[in-house]
Amino acid sequence: MYVIIIGAGRTGNTVIDLATRDDHEVVVIERETELAEAVSTTYDCLVLNADAASKEILLEAGIEEADALISTTESDSVNLMITMFGKQYGVETLVSSINDPAHMELFEDLGVSIVESPHRLNGQYLYRAVQHPAIQDFMPIAGGAEIFEATVDAGAPIDGRSLIGADRDGLLPEETIIVAIVRDDGLVIPQGETEIRADDVVTIFARNGATNRVTNAFTGP
C-alpha cells in the first residue's frame, strides 16, 4: 500500500511507525525541519520537509498514486484542505485528525473514512475505562485494530519481563506490538531486550483491538 502521512507529531509518528513496520510504501510530509529530520533518520520512508497544504507538494509526494492519505496536523483547516486534495485526486482512504468537533460534519461530507477526535471518542473512552481501567487513551483503526495507552501495574504479568520473554511466553496475542514506552517522563523506543516495568505508560497496537487478553497482561493481580 502507498501511504502519504501528513505530520510527524505524536499521532503521526505512531502511524509512521506502524506503516513502515508493515512494509508499506510511505511518504511523510512535515513542515518542521527537526521533526522531518528525526523521521528521516529513524524510518525507512521518503520525507518531504515542506508545507503539505500545497497541491504541488502533494503531487510531488505522489498523491495521484496514493492508496491512503493520513493528515495528523493540529490545524483543522490544514487537515480539511489536504483531505479535499485527496478527494480530488481519488485517494481511496482518507484519514484525518479533527481537533474541534464542530468541524466533524465537514470532514464526513468529504467522505473521510476514519477520523480521530478526542471529543468524539470521549464516550468510547469512558466505556473503555470501565471495561479496561488500565487504558488511558485509544484510537480505533480500520478493521477492528486499535492503538491505545496503558499504565503497567506492579505485579502485572508483563511487569519485569522483556519483550522477547513476553513473546516467548505468549503474554500478548500475535499482531500486538508495544510501540513506545514513557518512563520517568522520557521516551523509550522498545527493542527485544527492553524490560517492561511497573508505572511505564506503554503505547500498544493491537490488530484485534484492546481485548481482555491484551489488557490483562498490564494489570495487577
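Residues numbered from 1 in each chain as written. Predicted model: local features only at pLDDT ≥ 70, side-chain atom pairs only at ≥ 80, totals over all residues. Heavy atoms only, no water.

Trainee: Sorry if this is basic, but what is going on with the overall build of the protein chain here?
Mentor: Broken down by element type, the protein chain carries eight helices and 11 strands. Taken over 221 residues, the protein chain has a buried fraction of 48%. About 11,400 Å² of surface is accessible on the protein chain, with carbon and sulfur atoms providing 48% of the total. (Helix = DSSP H or I, 4+ residues; strand = E, 2+ residues; numbered from the N terminus. Buried < 20%, exposed > 50% of the residue type's maximum accessible area, 1.4 Å probe, protein only. Areas by Shrake-Rupley, 256 points an atom, 1.4 Å probe, with all protein chains shown as cover.)

Trainee: Is there a simple way to explain a nonpolar patch on the surface in this structure?
Mentor: On the surface, Val182, Leu187 and Ile189 cluster together to form a nonpolar patch covering roughly 270 Å² of accessible area. As for its placement among the helices and strands, Val182 is situated in strand β9 (residues 176-183). On the accessibility criterion, Val182 (35% relative accessible area) is partly exposed. (Patch = residues over 30% accessible without salt bridge, like charges linked within 9 Å, V, L, I, M, F, W, Y side chains within 5 Å. Salt bridge = Lys/Arg side-chain N within 4 Å of Asp/Glu carboxyl O.)

Trainee: Whenever I open this one, the pairing of strand β5 (residues 93-97) confuses me. Can you help?
Mentor: Across the five residues that make up β5, a large majority, four, are buried. Relative to β5, strand β4 (residues 68-71) runs parallel, the two sharing four bridges. Its bridge partner lying in β5, Ser71 is registered against Ser96. (Pairing = 2+ DSSP bridges.)

Trainee: Explain the side chain of Thr73 to me, please; I cannot follow it from the model alone.
Mentor: Mapped onto the elements, Thr73 comes out in the loop between β4 and α4 (76-88). Polar contacts involving the side chain of Thr73 include one to the main-chain carbonyl oxygen of Ser75, which spans 3.1 Å. (Polar contact = N/O pair within 3.5 Å; in protein donor to acceptor, adjacent residues only side chain to side chain.)

Trainee: Please explain a negative patch on the surface as it appears in this structure.
Mentor: A cluster of acidic residues, Asp153, Asp184, Asp185 and Asp199, forms a negative patch on the protein surface. Locating Asp153 in the fold gives a position in the loop between β8 (146-151) and α7 (163-168). Its relative accessible area of 32% is what places Asp153 among the partly exposed residues. (Lys, Arg positive; Asp, Glu negative; His and termini not counted. Charge placed at Lys NZ, Arg CZ, Asp CG, Glu CD.)

Trainee: Mind showing me how you'd approach the environment of Val47 here?
Mentor: Inspection of the secondary structure puts Val47 in strand β3 (residues 46-48). When its relative accessible area of 18% is taken as the criterion, Val47 is described as buried. The spacing of Val47 and Ala61 is 14 residues in sequence and 8.9 Å in space, taken between C-alpha atoms.

Trainee: Looking at this structure, how should I read unusual backbone geometry?
Mentor: Trans is the common state for peptide bonds, and a negative phi is the common state for residues other than glycine. A positive phi angle, near 60°, is found at Glu175, a position not held by glycine. At Asp185, a position not held by glycine, the phi torsion is positive, near 70°. Structurally, Asp185 is set in the loop between β9 and β10 (186-188).

Trainee: Would you explain the pattern of salt bridges in this entry?
Mentor: Any two side chains of opposite charge can pair if their charged atoms end up close together. Taken as a whole and assessed by the stated rule, the structure comprises seven salt bridges. A salt bridge links Arg21 to Asp17; the shortest N-O distance between them is 2.6 Å. One end of the pair is Arg21 and the other is Asp17, both in helix α1 (residues 10-21) and four residues apart, which spans about a single turn. Among the residues examined, Arg21 registers a relative accessible area of 37% and is labelled partly exposed. A salt bridge links Glu195 to Arg197, with the shortest nitrogen-to-oxygen separation between them at 3.8 Å. Since its relative accessible area comes to 37%, Glu195 is described here as partly exposed. A relative accessible area of 41% places Arg197 in the partly exposed class. Beyond isolated ion pairs, a larger network of salt bridges with shared partners links Asp22, Glu175 and Arg207.

Trainee: Is there a simple way to explain the pairing of strand β11 (residues 201-206) in this structure?
Mentor: On a regular strand, one side chain projects to one face of the sheet and the next to the other, so that they alternate. Burial analysis of β11 places six of its six residues in the buried class, which makes it a mostly covered element. With burial as the criterion, each face of β11 is covered, one bearing Val201, Thr203 and Phe205 and the other bearing Val202, Ile204 and Ala206. Pairing geometry for β8 and β11, over six bridges, is antiparallel. Bridge assignment links Glu146 to a residue of β11, and that residue is Ala206. Sheet analysis places β9 next to β11, joined by six bridges and oriented antiparallel. Counterpart to Thr176 in the pairing with β11 is Ala206.

Trainee: Whenever I open this one, α1 confuses me. Can you help?
Mentor: At 3.6 residues per turn, the α-helix brings residues three or four places apart onto the same side. Over its 12 residues, α1 extends 17 Å from the first C-alpha to the last, a length consistent with the 16 Å expected when each residue adds 1.5 Å. Those residues of α1 not exposed but buried are Gly12, Thr14, Val15, Ile16, Asp17, Leu18, Ala19 and Thr20. A positive backbone phi angle near 65° is found at Asp23, which sits one or two residues after α1. (Expected span 1.5 Å × (residues − 1).)

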